[in-house]
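Structure assessment
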Amino acid sequence: MFFDVMRNSITILFFQRRSPCYKRTDSTKRLSNLLFFDILLCVYQITKRMFSDDDYNVITGTSLGYAKRVIRSENKNDTLTEYNRKVSSVHEAGHAVMAYLMEIESFQVILSDIQPRVVMVQKLQDANAVKKGILIKYAGAIAEEILLDKMHIGSFIGEDSDFPQATEWIKAYIVMTDSSISKTLLDRELEEKTILLSKKFWNESKKILSENRTMVETISENLQRKGTLTSEEVKEILDGIKK
């Protein structure tokens, strides 16, 4: 009886609508951040043991095709999974190498099929530290351009993605370094300078990574092999290349 009820009631949409990150835009249902994937993974582990393959296909057969793709990609030999993992390793390697070159003391690089990221611990930031942070934000997409000849959509989408965050940091940098600017952070007052500084910092970050391409390649390879690197491990690897 319990399994029958579960078969009839559990759907991805059931959990999606009860997730704190559920949003609706126009007629399209979507996820606003990756918190939902944590829930989805738990559901997958339960349903995989409870249902047959046909039942599981029904449960995951929603409009969230990309979610299904992530959940069903346990096979590390899968071509799409390997490609996504390669892109993520290059992207996070860009962040990690730039953090190393900017002498960020403590950070961790995490290569995950769900949410790859670089976690940094920094002191309260002055304008110089903010600039370093902007260069690091841009370094992920730049690494993709350098090693893969193109950037991917992850840097653009979502409030927590690299480009929107870099833009907000640039606004802060402008206000911190120009006393004539009001503290309102109004777009119309900051727009022109934001665009100019965005281009300037992007080019600066690209020049730095281009000159250190071997470092990015090496960290990317290590990430694919190990999955996680601490700042100490990154420093040990890259110090060897510097010599």
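Summarised in this report is the structure supplied together with it. (Residues numbered from 1 in each chain as written. Predicted model: local features only at pLDDT ≥ 70, side-chain atom pairs only at ≥ 80, totals over all residues. Heavy atoms only, no water.)

Proximity of charged atoms lets side chains of opposite charge pair with each other. Per the counting criterion, the structure on display carries nine salt bridges. Across the salt bridge formed by Lys226 and Glu233, the nearest N and O atoms sit 3.1 Å from each other. Here the salt bridges do not stand alone but share partners, grouping Glu168, Lys171 and Asp187 into one network. (Salt bridge = Lys/Arg side-chain N within 4 Å of Asp/Glu carboxyl O.)

Attention shifts here to the packing of aromatic side chains. A complete count under the given rule lists five aromatic pairs for this structure. Their ring planes at 85 degrees and their centres at 5.4 Å tell us that Tyr173 and Phe201 sit as a pair that is edge-to-face. Pair noted here: Tyr173 is in helix H8 (residues 162-177) and Phe201 is in helix H9 (residues 187-211), with a separation of 28 residues, a long-range link. Classification of Tyr173 as buried rests on a relative accessible area of 17%. Grouped by ring-pair contacts, the aromatic residues Tyr138, Phe156, Phe163 and Trp202 constitute a single cluster. The ring of Trp169 is capped by Lys137, whose NZ or CZ atom sits 5.9 Å from the centre of that ring. (Phe/Tyr/Trp six-rings, centres within 6.5 Å; stacked < 30°, edge-to-face > 60°. Helix = DSSP H or I, 4+ residues; strand = E, 2+ residues; numbered from the N terminus. Buried < 20%, exposed > 50% of the residue type's maximum accessible area, 1.4 Å probe, protein only. Lys NZ or Arg CZ within 6 Å of the ring centre and 35° of its normal.)

Residues Met98, Tyr138, Phe201, Leu209, Ile219 and Val234 are the most contacted members of the largest nonpolar core, which totals 46 residues. Of all elements in the fold, only helix H6 (79-101), strand E3 (106-110), helix H7 (127-148), H8, H9, helix H10 (213-226) and helix H11 (231-242) reach the threshold of two or more residues within this core. Discounting chain neighbours no more than four positions away, the residues touching Met98 are Leu135, Ile136, Ala139, Ser205, Ile208 and Leu209. (Core = buried A, V, L, I, M, F, W, Y, C linked by side-chain atoms within 4.5 Å. Contact = heavy atoms within 4.5 Å.)

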